[in-house]
Amino acid sequence: PARYNFRETEAKWQKAWEERQTFHARMDKARPKYYVLEMFPYPSGRIHMGHVRNYTQGDVIARYKRARGFNVLHPMGWDAFGLPAENAAMEKKVHPKKWTYENIAAMKKQLKSMGLSLDWSREIATCDPTYYRHQQKMFLDFWKAGLAYRKEAWVNWDPVDNTVLANEQVIEGKGWRTGAPVERRKLTQWNLKITHFADELLERLDTLDRWPEKVRLMQANWIGKSRGARVFWQLTDASGAAPSGKDWGKLEIFTTRPDTLYGASFAALSPEHPIVAELAETDPGLQHFVAECRKTGTAAAEVETAEKIGYKLPLLAKHPLMPGKTMPVYAANFVLMEYGTGAIFGCPGHDERDHEFATKYGLPIIPVVMPEDADAKSFSVANEPFVEDGVIINSDFLDGLTVEDAKIKVIERLEEMGVGKGTTQYRLRDWLVSRQRYWGCPIPAIHCEKCGVVPVPEKDLPVELPEDVTFDRPGNPLDRHPTWKHVACPTCGGAARRETDTFDTFIDSSWYFDRFTSPKFATAPFDREENHYWMPVDQYIGGVEHAILHLLYSRFWTRAMRDVQMTSRDEPFDGLFTQGMVCHETYRAADGSWLLPEEVERLDGGKVVRASDKSPVEVGRSEKMSKSKKNVVDPDQIIHDYGADTARWFMLSDSPPERDLEWTEAGVTGAWRFQQRLFRIASEAVAELPAAGTPKPASFSDAATALRRAAHKTIAGVSADIEAFHFNKAVARLYELASTIDGLKSKDAADKWAKREALEIFVRLTGPMTPHLAEELWQALGHKSLLADSPWPLAEDALLVDDTVTVAVQLNGKLRGTLQLAKDAPKEEAEKAALALPELARGLDGKTPKRVIVVPNRIVNVVA
Ligand code: ANZ
Ligand code: ZN
């Protein structure tokens, strides 16, 4: 039999789709739209299996929706700014722009070989001035609206890359790229006011019912809304009773656990707190302590893990609810200036950090909450804090209350006494967007000695990156460019200086989905009408690693655009799906070095050896494919050896798409064999099947009916599976149908008709998954139009009835014929159907039946 030549066939259909512009999307208000988007890639140079999985899933949805009659938008572009391009410039001496565009070209070629139903006419790259010009304009609008501002703040500083890092880019106290310990620096930086929408971003999560629950939860935790209180503590000098000279006033602390106030045993200030700064002026020891604290970054996780250290200040704090009770005051490294009020009270009995601190400095540890069933006399928190819910003890008027009730009551009391106030607090911080980097979107601002910070006038946009920059030294090439930053002040005309920081690249990806709706529109970020038609994204697909930042920033940007009247929309993504990772087992040679999957060989007994010298190899568990462990498989190689359809089919078949997928050679060859088998089944069948469009026969054999039933049930099943992202289940159904089709071997004309029908259904259902082979078989079945332009098959309801039974029809105990009835059909229905049977009518020969006996699901006996 003919072998399926996937290489020729895949190229042929890719060309056909491209020439006919099959996947070009055009606004058509008469048709319902469907916008499918996969998170666009960073042009690192090559696509990896994670991309293949992501885009295959998106492509199944896009092609399926298209077949179902939707006007589908399925675009692709490049998240093209970012650090790796600058690193390449430093290491390989190639310009970031050149490096980026060469990578884009290479990856585009790879993506095209996958046969994705993409509208390439909408391709965008975020490093293109025609893209970032609009971003600069939006930023100016946000600035005007008060949503962008400059603020001096303590930030993470990478002393090697000479740049600010986001908290997320600091890993265990070190810069994520350089590994250098980060420092704290006070810098004036641009921020976007995401906190302005904190409540709305949180509330609306509830309505995103086509988002994974876990992503919504992660966002809610990130926003971190909590009820708390600000409490004022009178400060005195260390002598307490007789303050010497200076009135220190009241210390304002922030707490989310005012219910534990009676367990307080110290107060602590951030090293950056103004009171600490004042005391440090005359205390070299404190100065030294503050400098030490600056050596760790500002990320919460890092502060959490660092050793807790404190410096005792010459002050006392008076407890607001316990007259006469005072406590020591420390400067402590785990208190952040950027959170709450930069000051806390420590309750070692019920907080991990405070417990560690109190143990270290010998401070009292008093239990004020205990488990409901504990004994107050023996309950102790000396060895570890009790951080769970419980009942209040040792707390005067709060005793016996639950934590929740105690919070309400104590806040009431604090407010009555004028020593505190209930507050709502968010963990969410404003988005710091300045980066001291070259390969990013320039921030359109100008600094003038006389006029301050002035926006770049709109007519001067875009502020383009200069190309003649050097990467021979660390630091920001824009800042040391000889001429670029020197400009005239737009307001007074005097000598001024451009902002040399560029935007965080997360801004670039916060609105690209809007740009796709009208990617060439010159006068605004998008054409309102197009945008209104296509947005929101109906199905967004990507990695769960973007569950917080990218998705939250995009939700913010959409709201900021709404507030400057660019759109009326709140949310950008109606449906979200987060796919699992692609994993592979790892291989280690005897010398400890990692080996690529292609460098090892599996012997007949299952033993794994190094291919080159047959030395033993240690096989490790399956892990996310990564360059460092070399457990990667190159998509190019797979597509070359087996074809895109095989790669796609395997990706879809192996596991539920939200779960991790284990890439195996056996899985791929299995998928490949199935493609070959299908081709054989179809080619053999086509020769003997009735022509396309042959009228439906009046009746079918049992075997034909069974096949028809299987085919139509597969339509219903696969459709539901695709809608629910159960691609692996859909694939399993298709495997089964293929066997059923192959199993019907008959010369009967009606049987052949049923076989053609089933084969056509099969081919149409595989269209979204293995589009090249499906297109090829569609043509072989005699169709002139493209499968990609053909509608989804419709299931006949009658063939979907699941449980039917064969019922014997007897006349006076003698078999006359059989009936197909729905299982457990009512007796009257069985009787009626039996009497209508021609064979019975013939047997009755005009006589009227005396009695009809129905044995449900088995027999109808007519007595005459
Ligand atoms: C007293 C207390 C008792 C606290 C207790 C916790 C447990 P979340 O919930 O994460 O928002 N805190 C307040 N401001 C801080 C700052 N600037 N730097 C470091 N820690 C700070 O955390 C709020 C809690 O973290 C607050 O509640 C405060 O400690 C501490 F059993 O107050 B708590
Ligand atoms: Zn000026």
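Residues numbered from 1 in each chain as written. Chains lettered and ligands numbered in written order. Predicted model: local features only at pLDDT ≥ 70, side-chain atom pairs only at ≥ 80, totals over all residues. Heavy atoms only, no water.

(A) View of the overall build of the protein. Helix and strand content of the protein: 25 helices and 37 strands. In terms of overall dimensions, the protein has a C-alpha envelope of 125 × 75 × 65 Å along the principal axes. Among the 864 residues that make up the protein, the fraction classed as buried is 53%. A sequence separation of at least 24 residues applies to 73% of the contacts in the protein between residues at least 6 apart. Carbon and sulfur atoms make up 52% of the accessible area of the protein, which amounts to about 38500 Å² in all. Of the charged side chains in the protein, 113 are positive and 122 negative; the average position of the first set lies 4 Å away from that of the second. (Helix = DSSP H or I, 4+ residues; strand = E, 2+ residues; numbered from the N terminus. Buried < 20%, exposed > 50% of the residue type's maximum accessible area, 1.4 Å probe, protein only. Contact = heavy atoms within 4.5 Å. Areas by Shrake-Rupley, 256 points an atom, 1.4 Å probe, with all protein chains shown as cover. Lys, Arg positive; Asp, Glu negative; His and termini not counted. Charge placed at Lys NZ, Arg CZ, Asp CG, Glu CD.)

(B) The arrangement of the sheet that holds strand E5 (residues 148-158) in detail. The sheet built from 4 strands is open, its strands ordered E6-E5-E9-E19 with antiparallel pairing. On the outer flanks of this sheet lie strand E6 (163-165) and strand E19 (431-432), each paired with one strand and no other. Relative to E19, strand E9 (residues 183-192) is paired through 2 bridges, and the arrangement is antiparallel. Its bridge partner being in E19, Leu 192 is matched across the sheet by Trp 431. (Pairing = 2+ DSSP bridges.)

(C) Quick look at the site of ligand 1. Every one of the 17 residues lining ligand 1 counts as a neighbour, but Thr 255, Leu 336, Tyr 339, His 350 and Arg 427 are closest to it. Here an oxygen atom of ligand 1 and a backbone polar atom of Thr 256 are 3.0 Å apart. At 2.3 Å from an oxygen atom of ligand 1 is found a side-chain nitrogen or oxygen belonging to Tyr 339. The fraction of the free accessible surface of ligand 1 (640 Å²) that becomes covered by protein chains is 87%. For the shell around ligand 1, the secondary structure elements donating two or more residues are strand E11 (250-255) and strand E15 (343-346). For the shell around ligand 1, a count of residues per class yields 8 nonpolar, 5 polar and 4 charged. (Near = heavy atom within 4 Å. Polar contact = N/O pair within 3.5 Å; in protein donor to acceptor, adjacent residues only side chain to side chain. Nonpolar A, V, L, I, M, F, W, Y, C, P; charged D, E, K, R; others polar.)

(D) Summary view of the confidence of the model for the protein. For the protein, per-residue confidence averages 93 on the pLDDT scale, and residues scoring 70 or more make up 98% of the total. Interface predicted TM-score (ipTM) for the complex: 0.88; the corresponding pTM is 0.83. (pLDDT = per-residue confidence, 0-100.)

(E) The arrangement of the coordination of the zinc ion (ligand 2) in detail. The protein atoms that coordinate the zinc ion (ligand 2) are Cys 448 (SG), Cys 451 (SG), Cys 489 (SG) and Cys 492 (SG), at distances spanning 2.1 to 2.4 Å. Its 4 donor atoms give the zinc ion (ligand 2) angles of 105 to 114° at the centre, a pattern that matches the tetrahedral case. Sequence spacing of the donors to the zinc ion (ligand 2): C-x2-C-x37-C-x2-C. Taken as a pair, Cys 451 in the loop between strand E21 (445-448) and strand E22 (452-455) and Cys 489 in the loop between strand E23 (486-488) and strand E24 (495-498) lie far apart in primary sequence, 38 residues in all. We classify Cys 489 as buried; its relative accessible area is 3%. (Donors = N, O, S within 2.8 Å, 3.2 Å for Na, K, Ca; no water. Tetrahedral: all angles 85-135°; square planar, octahedral: opposite > 155°, others 65-115°.)

(F) Structural view of the sheet that holds strand E37 (residues 859-863). With mixed pairing, 4 strands are arranged side by side in an open sheet as E35-E34-E37-E36. Taken across any chain shown, the strands that pair with only one partner, and hence form the sheet edges, are strand E35 (814-822) and strand E36 (851-855). Looking at each pair of strands side by side, their axes are set apart by 20° on average, direction ignored. Of the pairings in the sheet, the one linking strand E34 (residues 804-811) to E37 comprises 4 bridges and is parallel in character. By the bridge assignment for E37, Gln 810 is matched with Asn 861. The sheet contacts of helix H24 (residues 827-835) involve E34, E35, E36 and E37, and relative to E35 the element is tilted by about 130°. (Axes fitted to C-alpha atoms, helices over the stretch in contact; angles between N-to-C directions.)

(G) Layout of the packing of aromatic side chains. Going through the model one piece at a time under the given rule, you end up with 43 aromatic pairs. Where Tyr 512 meets Phe 513, the ring centres are 5.6 Å apart and the plane angle is 65°; that geometry is what we call edge-to-face. Chaining the aromatic ring pairs together yields one cluster made of Phe 40, Tyr 512, Phe 513, Phe 516, Tyr 540 and Phe 573. The side chain of Arg 63 reaches across the aromatic face of Trp 17, ending 4.5 Å from its centre. (Phe/Tyr/Trp six-rings, centres within 6.5 Å; stacked < 30°, edge-to-face > 60°. Lys NZ or Arg CZ within 6 Å of the ring centre and 35° of its normal.)

(H) Representation of the pattern of salt bridges in the model. Taken as a whole, this structure holds 53 salt bridges when the rule is applied. As a salt-bridge pair, Glu 356 and Lys 308 come within 3.8 Å of each other at their nearest N and O atoms. Taken together, the positions of Glu 356 in helix H11 (residues 352-361) and Lys 308 in the loop between helix H10 (300-305) and strand E13 (310-318) put the pair 48 residues apart, joining distant regions of the chain. For Glu 356, a relative accessible area of 37% puts it in the partly exposed group. (Salt bridge = Lys/Arg side-chain N within 4 Å of Asp/Glu carboxyl O.)

(I) View of the nonpolar core. Formed by 163 residues in total, the largest nonpolar core has its most connected members in Tyr 512, Trp 557 and Trp 663. Considering every element that reaches this core, the biggest residue donor is helix H19 (residues 665-688), with 9 residues. Of all hydrophobic cores here, the second largest spans 47 residues; its members include Cys 293, Leu 313, Phe 345 and Leu 398. (Core = buried A, V, L, I, M, F, W, Y, C linked by side-chain atoms within 4.5 Å.)

(J) How the structure looks around a negative patch on the surface. Where like charges cluster on the molecular surface, the negative patch consists of Glu 372, Asp 373, Glu 388 and Asp 389. The exposure class assigned to Glu 372 is exposed, which follows from its relative accessible area of 69%. (Patch = residues over 30% accessible without salt bridge, like charges linked within 9 Å, V, L, I, M, F, W, Y side chains within 5 Å.)

(K) Up close: the environment of Glu 18. With respect to the secondary-structure elements, Glu 18 resides in helix H1 (residues 6-19). Given the relative accessible area of 49%, Glu 18 is considered partly exposed. Linking Glu 18 and Trp 439, residues 421 residues apart in sequence, is a C-alpha distance of 33 Å.

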